[in-house]
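Tertiary structure, described
Each chain is listed here by its residues.
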Amino acid sequence: MEIIEHVKELIRSGKYRLTLHAEVERDADHISMVEMEEALKGNRCELIEDYPKDPRGHSFLLLGFTEQEQPIHTVCSIYEGTLVMITLYRPDPELWIDWKIRKEKK
């Protein structure tokens, strides 16, 4: 199963959890649980970075949009059939091109 479809299915079935770090970042950026789910279940959700060799386990960065077209980045992994959100945040337009490509550091 393609990773995006797998993520959507896990969200739809409620098989996800947020790490403490993700909860702190979600709260700091005022992202509601509804917005988070919208971004991950939406048609515009896409994989923008993949980290297969992460020492903590395979993880990936997703870009999704809320129903109000607000971008949200979510770093996730899938562990024992559960989507684990490592962090999520509203990306800074000063750091991203089209929310997908990291800008070069000056």
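Since the model is a prediction, treat every value here as computed from it, not as a measurement.

1. Re the sheet that holds strand β2 (residues 46–51)
In space, the 5 strands of this open sheet follow the order β1-β5-β4-β3-β2, with mixed pairing throughout. With partners counted over all chains shown, the strands left at the sheet margins are β1 (16–18) and β2, one partner each. In this sheet, adjacent strand axes meet at a mean angle of 30° when their direction is disregarded. Strands β1, β2, β3 (59–65), β4 (71–79) and β5 (82–89) of the sheet are contacted by helix α1 (residues 3–12), whose axis makes an angle of about 95° with β5. Together, β1 and β5 form the strand contacts of helix α2 (residues 20–28), whose direction differs from that of β5 by roughly 40°.

2. A look at the packing of aromatic side chains
Counting across every chain of the model gives 0 aromatic pairs. Over the ring of F65 we find R44; its NZ or CZ atom is 3.7 Å from the centre of that ring.

3. Considerations on helix α3 (residues 33–41)
Along α3, the residues that are buried comprise E35, M36, E38, A39 and L40. The inward-facing, buried residues of α3 contact α1, β1, β3, β4 and β5.

4. Things to note about the pattern of salt bridges
Per the stated rule, a full pass over the model turns up 7 salt bridges. Salt-bridge contacts for R12 lead to E9; the nearest nitrogen and oxygen are separated by 3.6 Å. With R12 and E9 both in helix α1, this residue pair falls 3 residues apart, about one helical turn. Of the residues examined, E9 reaches a relative accessible area of 37% and is grouped as partly exposed. Of the charged contacts in the structure, one is a salt bridge between R44 and E69, with a shortest N-O distance of 2.1 Å. Within this pair, whereas R44 is found in the loop between α3 and β2, its partner E69 is found in the loop between β3 and β4, the two being separated by 25 residues in sequence.

Quick notes on the rules
Residues numbered from 1 in each chain as written. Predicted model: local features only at pLDDT ≥ 70, side-chain atom pairs only at ≥ 80, totals over all residues. Heavy atoms only, no water. Pairing = 2+ DSSP bridges. Helix = DSSP H or I, 4+ residues; strand = E, 2+ residues; numbered from the N terminus. Axes fitted to C-alpha atoms, helices over the stretch in contact; angles between N-to-C directions. Contact = heavy atoms within 4.5 Å. Phe/Tyr/Trp six-rings, centres within 6.5 Å; stacked < 30°, edge-to-face > 60°. Lys NZ or Arg CZ within 6 Å of the ring centre and 35° of its normal. Buried < 20%, exposed > 50% of the residue type's maximum accessible area, 1.4 Å probe, protein only. Salt bridge = Lys/Arg side-chain N within 4 Å of Asp/Glu carboxyl O.

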